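# An overview of the molecular structure
In case you want the letters, here they are:
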Amino acid sequence: MCGITSYVGPRDAASVVLDGLTRLEYRGYDSAGIVSFDAGTTTTLKRAGKLANLQSAMAEQHLPGHRAVGHTRWATHGRPTNENAHPHVSEDGRLALVHNGIIENHAELRNRLEALGHVFTSETDSETLVHLIEEHDEGDLLTAVQEALKQVEGAYALVVAHAEGEGIVVARATSPLVIGLGDGEQFIASDVSALLPYTDRVVYLSDGEVAVVNETAVTLYGPDGAERSLDVDVIDWDADAADKGGWPHYMLKEIYEQPTVLQNTLAERFNEAGDDVTLDLTLDPATFDRIVVVAAGTASYAGMVGEAFLERLARIPCEVQVASEFRYAEPILDERTLVVAVSQSGETIDTLEAVREAKRAGAKTLAILNVRGSSIAREVDDILYIHAGPEIGVASTKAYLAMLAAFALLAVWVGRTRGALDAERAKAWIEELRTAPARVEEVLQRRPAVQDAVPLLDDARGVLYLGRGVNVASAFEGALKLKEITYLHAEAYPTGEMKHGPIALIDAATPVVALAPEGRLHAKTLSNLQEVRARDGRVLAIASDGDEAIASHADVILTVPRTSELLSPMLLAVPMQLLAYETAVRLGRDVDQPRNLAKSVTVE
Ligand code: F6R
């Protein structure tokens, strides 16, 4: 949430920072700004609205210098206006900063600073920081920042620079910040994807660390003020992976990457006999009797599918808890509970706090993650990476499928180690899993059928998504995809629950997307669809190849290859992603940057 990029080095700093912001716009896109520092002066440009507004302004006004700090905002405190956009600059115009996170005691600090004569020009909590640092500034920016931060409560990734001097000071508490190391130049970003074209050598800041970044050196200090050595990581994503590469939208590109992503998630994770998995985990499944999955949004729906994998294949009790509620719900945890945190970004604050709650209670923690070096990665006992590559579209697609694959592997690992899954059954499941990339590819080739189906949603007042068994989770995920990028109301229910209330919604303006793959609940699903049609409801069914019975129960039919019930969520997700995408395009929505949303929710 909110993106930061900064640069110090020989290049035109503002251009590098602007380029970085374009790569981070998915983190927030309601206003943006850059400040550059040149020969003792600062030049600041801020624009409400999308980054394009700042880009146009920069075409008119040059921001000179070899040091610059930029920000793209997702508003928390204060509306998206020029005044509330970052950078925030001190009254004398010489000190400027950008901030991600929330300063919880900002009101109290602001009162104190106003009493000392500071004049605020925005409604943001972030502006407090610039006045606070200015108050402590006696010529040494590092000390001023360290002193100021002693009074701050809350989360921050902070980048601050002064017109005098040559460096940039950065600090982190909870909100992510990474320094990209170059030769005679350095880059700073809230997210590695901004750095990919420039360097693959990075230093992730830890909580409480402060660093001074100069052209030729990065000096890191711990929370106690003592200097620390740099722990340099190498990013294994290639720069092209974060480009749109000719696709009209990142979301579509990422939907089409899914076969490759699945291959990557599964690669080198099976034993030679093909009846077990080889996961690089240190946890011992004999040391836990119960699994609690914590996650948000799409990741939590992946967790619901994961619950079915774990319970049916590994016969271990599993439950999914929405991360934002978890730590307030007095969760029942002990040292024989494994808490699995699922997160694409690894930065979702609710999920991170759920991990902390689990650790406080003595539970073991495992994370299913995409982004290396992320905050959750630093706090859990073990990590299962999904290897999905950078996901830029705000609506999560490829990460979801990769999370399902990771759960499929985890279920085998837990089941085999605990003796609940025999070699024969494991082998059959693994063989089927291995077909997932090709089958997903096949579904992708059926996009024209989805395009033909889109008019069914014309004039829809709302859409009901129905699924049974493991595909209750699929229905939730399908409904979320539709609502977040089309702004159409969509709700998901277990198909059998429809008659307990939601059936009252059924009419010609409320189409139903029915997940009806073959399997033990198929006949029951068909009778529920009859109930919809008897009430003038229109049905878009997603069924298995060769299903002849479905024809008389649906207005529009999309098909997926035949699979077991457990694998079906991977295939059913694809037409629902495409349906949401095509509908959003038809409605003229901003697919990659839907209103009010931002990728990676780092505030509670
Ligand atoms: C929906 C979506 C969100 C995220 C959720 C968790 O398309 O993208 O619901 O799934 O915010 O994000 P991560 O996985 O980064 O923790």
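Residues numbered from 1 in each chain as written. Predicted model: local features only at pLDDT ≥ 70, side-chain atom pairs only at ≥ 80, totals over all residues. Heavy atoms only, no water.

### Examining the overall build of the protein chain
Each helix and strand counted, the protein chain has 18 helices and 25 strands in total. Against the globule reference of 25 Å for 604 residues, the protein chain gives a C-alpha radius of gyration of 25 Å, in line with a compact fold. Seen through its principal axes, the protein chain has C-alpha atoms that stretch 75 × 55 × 40 Å. Counting across all 604 residues of the protein chain, residues that qualify as buried make up 60%. Put simply, 71% of the contacts in the protein chain that link residues at least 6 apart link residues at least 24 apart. Summing over all exposed atoms, the protein chain offers an accessible surface of approximately 22000 Å²; the carbon and sulfur share of this is 46%. For the protein chain, the distance from the average position of its 54 positive side-chain charges to the average position of its 89 negative side-chain charges is 6 Å. (Helix = DSSP H or I, 4+ residues; strand = E, 2+ residues; numbered from the N terminus. Rg over C-alpha atoms; globule rule 2.2 N^0.38 Å. Buried < 20%, exposed > 50% of the residue type's maximum accessible area, 1.4 Å probe, protein only. Contact = heavy atoms within 4.5 Å. Areas by Shrake-Rupley, 256 points an atom, 1.4 Å probe, with all protein chains shown as cover. Lys, Arg positive; Asp, Glu negative; His and termini not counted. Charge placed at Lys NZ, Arg CZ, Asp CG, Glu CD.)

### What about the domain arrangement of the protein chain?
Domains assigned within the protein chain are domain 1 (3-241), domain 2 (247-434) and domain 3 (438-591). Each of domain 1 and domain 3 has a C-alpha centre, and these two points are 45 Å apart. (Domains from an automatic or database assignment.)

### Thoughts on the sheet that holds strand β24 (residues 539-544)
Spatially, β22-β21-β23-β24-β25 is the arrangement adopted by the 5 strands of the open sheet, whose pairing is parallel. Here the strands that pair on one side only, and so sit at the sheet edges, are β22 (489-494) and β25 (556-560). Ignoring strand direction, the axes of neighbouring strands in this sheet form an average angle of 20 degrees. Sheet topology places strand β23 (residues 512-516) next to β24; 5 bridges connect them, and they run parallel. Bridging from a neighbouring strand, valine 513 pairs with leucine 540 of β24. (Pairing = 2+ DSSP bridges. Axes fitted to C-alpha atoms, helices over the stretch in contact; angles between N-to-C directions.)

### So, the sheet that holds strand β5 (residues 88-89)
Pairing is antiparallel across the open sheet formed by 7 strands, whose spatial order is β5-β6-β7-β8-β12-β13-β14. Each of the sheet's edge strands pairs with one partner strand only, and the pair in question is β5 and β14 (227-228). With 6 bridges joining them, strand β6 (residues 95-100) and strand β7 (residues 156-162) adopt antiparallel strand pairing. Residue pairing in the sheet places valine 98 in a bridge with valine 159 of β7. Where helix α4 (residues 127-136) meets the sheet, its contacts fall on β5, β6 and β7, and the angle it forms with β6 comes to roughly 140 degrees. Against the sheet, helix α5 (residues 141-149) touches β6, β7, β8 (168-173), β12 (210-213) and β13 (218-221), its axis set at about 145 degrees to β7.

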